[in-house]
Amino acid sequence: MEFKEVIGRRRSIRFFDPDRPVEREKIQKMLEAARLASCAVNAQWARAVVAFRKDLTDDQFSRLKTPVAALNVDLAPVHIHWFNDLSVVKKIKGSRLKELVDVGALAPTHGWSHKFVDEFVYPQILEPMTEGPGYPIASTFDVGGAMTQALLTGVDEGLGVCLVTLNGAVLKEVFNVPEEWIPLSTILVGYPAESWDGGGQRPRPPFEELYHEGAYGTPFRRDAAVTEELKVAKMIQEPAKPHDPKRIAEIRRLAEQYGLPM
Amino acid sequence: MNENEPHTLIDLKPLLEYDSVRTWMDGLRQHWGGDPETEDLERLPIFEAFCRQVGRDPDQIVKETTMIKNGQRRIRIQGRNRYAALIEEWQDTVEGSRFRKAKWGNTVRSFLIHNGVLLQSGIQT
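Computed from a prediction, not measured in an experiment: that's the story for all the values here. (Residues numbered from 1 in each chain as written. Chains lettered and ligands numbered in written order. Predicted model: local features only at pLDDT ≥ 70, side-chain atom pairs only at ≥ 80, totals over all residues.)

## Remarks on the overall build of chain B
- When you go through chain B residue by residue, the secondary structure sums to five helices and two strands.
- Against the compact-globule benchmark of 14 Å for 125 residues, chain B has a radius of gyration of 14 Å, which places it among compact chains.
- The proportion of buried residues among the 125 residues of chain B is 32%.
- Counting contacts in chain B only where the partners sit at least 6 residues apart, residues at least 24 apart contribute 55% of the total. (Helix = DSSP H or I, 4+ residues; strand = E, 2+ residues; numbered from the N terminus. Rg over C-alpha atoms; globule rule 2.2 N^0.38 Å. Buried ≥ 20, exposed ≤ 12 C-beta atoms within 10 Å, placed from the backbone. Contact = placed C-beta atoms within 7 Å.)

## Points about the pairing of strand β6 (residues 215-219) of chain A
Residue and element names in this part refer to chain A.
- Counting buried residues in β6 gives zero out of five residues, a small share hidden from the surface.
- Summarising the sheet, strand β5 (residues 212-213) and β6 pair through two bridges and their orientation is antiparallel. Counterpart to H212 in the pairing with β6 is P219.
- A loop of one residue connects β5 with β6, the two strands running antiparallel in sequence, and G214 in this loop sits at a positive phi of about 85°. (Pairing = 2+ DSSP bridges.)

## A short note on the packing of helix α3 (residues 58-65) of chain B against helix α4 (residues 77-93) of chain B
Residues and elements named next belong to chain B.
- Following both chains from N to C, one finds α3 and α4 inclined at 130°, their axes separated by 7 Å at the closest point. If you check the angle between α3 and α4, you find them oblique. On α4, the residues touching I61, E64 and T65 of α3 are G79, R80 and Y83.
- Residues that form the contact of α3 with α4 fall into these classes: two nonpolar, two polar and two charged. (Axes fitted to C-alpha atoms, helices over the stretch in contact; angles between N-to-C directions. Parallel < 35°, antiparallel > 145°, perpendicular 65-115°, else oblique. Nonpolar A, V, L, I, M, F, W, Y, C, P; charged D, E, K, R; others polar.)

## So, the interface of chain B and chain A
- On the side of chain A, 16 residues touch chain B, which itself brings 18 residues to the contact.
- Every element with two or more residues in the side of chain B that touches chain A is listed here: α4 and α5 (98-114) of chain B.
- Take the side of chain B that touches chain A: its biggest share by element is six residues, from α5 of chain B.
- Taken together, the residues that form the side of chain B that touches chain A break down as eight nonpolar, eight polar and two charged.

## Remarks on the confidence of the model for chain B
- When pLDDT is averaged along chain B, the result is 92; 94% of the residues meet or exceed 70.
- Overall, residues 1-6 of chain B carries pLDDT values under 50, and its contacts beyond four positions in sequence, including any with other chains, amount to zero contacts. (pLDDT = per-residue confidence, 0-100.)

## Focus: the sheet that holds strand β4 (residues 181-190) of chain A
Residue and element names in this part refer to chain A.
- Strand order across the open sheet formed by four strands is β1-β2-β4-β3, with antiparallel pairing between neighbours. Strand pairing shows two members of the sheet lacking a second neighbour, β1 (46-52) and β3 (160-164), which therefore form its edges. If you compare each strand with its neighbour and ignore which way they point, the axes differ by 25° on average.
- The pairing of β3 with β4 spans five bridges and is antiparallel. Of the residues in β4, the one forming a bridge with V161 is V189.

## Remarks on the packing of helix α2 (residues 24-35) of chain A against helix α8 (residues 135-156) of chain A
Residue and element names in this part refer to chain A.
- Two elements in contact, α2 and α8, have axes whose closest approach is 7 Å; the angle formed by their N-to-C orientations is 145°. Both α2 and α8 take part in a crossing whose hand is right-handed. From α2, K29, M30, L31, A33 and A34 reach across to α8, where they touch A146, M147, Q149, A150, T153 and G154.
- Grouping the amino acids of the contact of α2 with α8 by side-chain chemistry returns seven nonpolar, three polar and one charged. (Left-handed = near helix turned anticlockwise from the far one by under 90°.)

## A short note on the pairing of strand β1 (residues 66-69) of chain B
Residues and elements named next belong to chain B.
- In this sheet, strand β2 (residues 72-75) lies alongside β1 in antiparallel orientation, the contact comprising four bridges. When the sheet's bridge partners are listed, I68 is paired in β2 with R73.
- Where β1 folds back on β2, the antiparallel hairpin that results is connected by two residues, among which N70 adopts a positive phi of roughly 50°.

## Digging into the nonpolar core
- Of all hydrophobic cores here, the largest spans 41 residues; its most connected members are W82, M147, A150, V161, I187 and V189 of chain A.
- For this core, the elements supplying multiple residues, two or more each, are α2, β1, α4 (70-75), β2 (78-85), α8, β3, α9 (168-174) and β4 of chain A.
- In contact with V189 of chain A, other than residues within four places in its own chain, are V22, I27, A76, V78, I80, G154, L159 and V161 of chain A.
- Counting residues in each nonpolar core, the second largest holds 18 residues, with V21, L28, F50 and C51 of chain B among its members. (Core = buried A, V, L, I, M, F, W, Y, C linked by C-beta atoms within 7 Å.)

## Here's the deal with the environment of K241 of chain A
Residues and elements named next belong to chain A.
- Tracing the backbone shows K241 in the loop between α11 (224-232) and α12 (245-258).
- Residue classification places K241 among the exposed positions, given that 12 C-beta atoms sit within 10 Å.
- Considered as a pair, K241 and P128 are 113 residues apart in the sequence and their alpha carbons are 49 Å apart.

## Quick notes on unusual backbone geometry
All names here are of chain A.
- Its identity is not glycine, yet Q44 carries a phi of approximately 65°, on the positive side.
- Looking at where Q44 falls in the secondary structure, it is placed in the loop between α2 and β1.
- Located in the positive-phi region is K93, a residue other than glycine, with phi close to 45°.
- Along the chain, the position of K93 falls in the loop between α5 (88-92) and α6 (95-102).

## Some details on the environment of N176 of chain A
Residue and element names in this part refer to chain A.
- By the secondary structure assignment, N176 is in the loop between α9 and β4.
- On the basis of neighbour count, N176 is assigned to the exposed category, with 7 C-beta atoms found within 10 Å.
- Residues N176 and V49 lie 127 residues apart in sequence; the distance between their C-alpha atoms is 10.0 Å.

Encoded structure:
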């Protein structure tokens, strides 16, 4: 699938086919994509635990099936639980920055050297940063980027994906993760039981309301020719319509199929 | 109320006189269309059976699963967990197919959901 179409086709799929297993190699591809995401100081805070639902013990499964998540974990054959490993910066102490210098990603042309990393970046910026209140937030931003690449790769592989938040304390216990890992979101993965377009592209605020040019208050000018080009490339697709009879009928069918409340 | 408390006889008004039941019907109508009061004639009797089983009227059930804190309506986590378990237990006692059991349990879940109490049950069929 072309890149723009992958973005255009992504939906938060909430009805998975629970009986159709997901190929392990497709999950690996999602994780490979996450590993390649852009990341500040190349720290790589993102960690994940992949749970194939069929391999969960009864105890694990019942603890994950809370009243707010029971259907999510029941329907999706694979759950990828994401965490932020806050301990990583103090462990690597700038060594990954020096790797970037060595491979020419950070060069003297931009002021970078091993000495700068050793004497300034790590002791004066990174280490103090890990003590600050903004550290978990800033680092989680980068984990989000990695998760997004995994999501899009799942779509490219023909899978349905959905980002949800489960009970973090339960996740830490059930999967026995290190104390310093912060639980974030979970990507549910499976083949969609609903139509891939899920009733259409989800509503978004107007483009001009979100993006500015030059300074705040001047909306970035949206060129109609560009949006037309993106429609042809299937990045911009038919928007979902409120109370669409076709979508309502589909949800009714799925509710009856899986015995869900309406 | 707890699970061990004996069920009490309860006087119920016609269900449609309860605010929470009207909220439920409005939610069904708004989301699914049609007339929820007449299109499934089992819906209200099933829900009434649950109310009698737990000895609570519909508005009390909502009160036990929600609360007002700092002027905002919130979900009582323990109350929701308790009702989630009660619904499961109750639907297990229903005679008939798994589909029928699911219908009874989901009727009560639907009541809570349309009263703003998010509740998932897992696959029921």
